[in-house]
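The residues making up each chain are set out below.
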Amino acid sequence: MKKLMDGIEGDIAGASTGAMRDTTTRAKQELREQITSSGLGTRLANTWQDKVYPLKRNSLTPGGYIWSNAPDIIDAFTRGATIAPTGGRKFLWIPTRSVPRARGSGRATSTRRMNPEQVQAEFNQEFVLRKGKAGRWLAFIAQNRGETKRGALRKVRKGRIGHGAKQELILMFTLVPSVRMPKLLDLNAVAGRWEARFESEFTKRMGAL
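Everything quoted here is computed from the prediction, not taken from an experiment.

1. Looking at the overall build of the protein
Within the protein, the regular secondary structure consists of five helices and nine strands. When the elements of the protein are put in sequence order from the N terminus, they spell out α-α-β-β-α-β-β-α-β-β-β-β-β-α. For the protein, the residues scored as buried account for 30% of the 209 residues in total. Accessible surface for the protein amounts to roughly 14100 Å². Of this, 51% is attributable to carbon and sulfur atoms.

2. Concerning the environment of Val-179
Inspection of the secondary structure puts Val-179 in strand β9 (residues 179-180). Linking Val-179 and Leu-92, residues 87 residues apart in sequence, is a C-alpha distance of 8.0 Å. If sequence neighbours within four positions are ignored, Val-179 has contacts with Ala-81, Thr-82, Ile-83, Leu-92 and Ile-94.

3. Topic: the nonpolar core
Core analysis: the largest hydrophobic core is formed by 15 residues, its most contacted members being Ile-35, Leu-44, Trp-48, Ile-74 and Leu-185. When contributions to this core are tallied by element, the ones reaching two or more residues are α1 (2-37), α2 (42-45), α3 (71-79) and α5 (187-207). Those residues within four positions of Ile-74 in sequence are excluded, and the remaining contacts are Ile-35, Leu-44, Trp-48, Ser-68, Leu-185 and Leu-187. Formed by twelve residues, the second largest nonpolar core is a distinct cluster that contains Val-119, Phe-123, Phe-173 and Leu-175.

4. Some details on the pattern of salt bridges
Throughout the structure, instances matching the rule amount to six salt bridges. Arg-79 is the salt-bridge partner of Asp-75, the closest N and O atoms lying 2.8 Å from each other. One end of the pair is Asp-75 and the other is Arg-79, both in helix α3 and four residues apart, which spans about a single turn. When its relative accessible area of 49% is taken as the criterion, Arg-79 is described as partly exposed. Where Glu-201 meets Arg-205, a salt bridge forms, and the shortest distance between an N and an O atom there is 2.9 Å. You can see Glu-201 and its partner Arg-205 sitting in helix α5, four residues apart, about one turn around the helix. The exposure class assigned to Glu-201 is buried, which follows from its relative accessible area of 11%. One connected set of salt bridges, linked through shared partners, spans Glu-201, Lys-204 and Arg-205.

5. Remarks on the side chain of Arg-32
Mapped onto the secondary structure, Arg-32 falls in helix α1. No salt bridge is formed by the buried Arg-32. Its closest oppositely charged neighbour is Asp-50, at 6.2 Å. Residues within four places of Arg-32 in sequence aside, it is in contact with Ala-45, Asn-46, Trp-48 and Gln-49.

6. Remarks on the confidence of the model for the protein
Low pLDDT means the predicted coordinates in that region are not meant to be read closely. Mean pLDDT over the protein: 83, with 82% of residues reaching 70 or higher. By mean pLDDT, strand β7 (residues 153-155) is the weakest element of the protein at 51, and strand β1 (residues 48-53) is the strongest at 95. Residue range residues 147-152 is modelled with pLDDT below 50. Its contacts to residues more than four positions away, or to other chains, number five contacts. Confidence drops under pLDDT 50 across residues 158-162; counting only partners more than four residues distant or on other chains, this segment forms eight contacts.

7. Description of the environment of Leu-44
Relative to the helices and strands, Leu-44 resides in helix α2. Spatially, the C-alpha atoms of Leu-44 and Arg-32 are 8.1 Å apart, while their sequence positions differ by twelve residues. Those residues in contact with Leu-44 that lie beyond four places of it in its chain are Ile-35, Ala-70, Ile-73 and Ile-74.

8. Here's the deal with unusual backbone geometry
For the peptide bond that leads from Tyr-53 to Pro-54, omega is -5 degrees, which places it in the cis range. By the secondary structure assignment, Pro-54 is in the loop between β1 and β2 (63-68). A positive phi angle, close to 55 degrees, is found at Asn-124, a residue other than glycine. Along the polypeptide, Asn-124 turns up in the loop between α4 (116-123) and β5 (128-131). A positive phi angle, close to 55 degrees, is found at Ala-134, a residue other than glycine. In this fold, Ala-134 is placed in the loop between β5 and β6 (137-147).

So, how was this worked out
- Residues numbered from 1 in each chain as written.
- Predicted model: local features only at pLDDT ≥ 70, side-chain atom pairs only at ≥ 80, totals over all residues.
- Heavy atoms only, no water.
- Helix = DSSP H or I, 4+ residues; strand = E, 2+ residues; numbered from the N terminus.
- Buried < 20%, exposed > 50% of the residue type's maximum accessible area, 1.4 Å probe, protein only.
- Areas by Shrake-Rupley, 256 points an atom, 1.4 Å probe, with all protein chains shown as cover.
- Contact = heavy atoms within 4.5 Å.
- Core = buried A, V, L, I, M, F, W, Y, C linked by side-chain atoms within 4.5 Å.
- Salt bridge = Lys/Arg side-chain N within 4 Å of Asp/Glu carboxyl O.
- Lys, Arg positive; Asp, Glu negative; His and termini not counted.
- pLDDT = per-residue confidence, 0-100.

Below you can see the structure in the form of structure tokens.
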């Protein structure tokens, strides 16, 4: 009798753990797809990770755990949070596509751009600030209108600014008092769907025994 009961318990544990592993992995994949379909990119999507406990054996009561390695960003796009400057700063500096990639990132495909201090050091000059609309300010860098052999805009040397050098202002940063993040993610909907699907998957596996 004990052997029979152990066998039945093992079958139930196998069905339960198998259903948990399947639905946890698929729930993680849906969370990743939710991010990419919202236009937030694969880098953020791949921050979603998952594990099922126990790690190496079956259990009658398995647990699936899904988390993101970028919880603050996920939270902002889930709640539609307002991001404001900290440390006594008045503005958030939002980089444009003209801001060069930061050095030392270790990845040629990195999306991390230089911060304002790095940009000023790179171009050897301070920003030219212009007042924009709705309380915004615009931070420009002066560059030569001519192009180098490589096709890049020439940098204006600090000593030549204001001394007749042909130049144009390139917008580097938009300064804003705060940013309201749009609500793009619905984590509760995903969790609710896959909770129900776990029950369905468990029932299916039990029926196949």
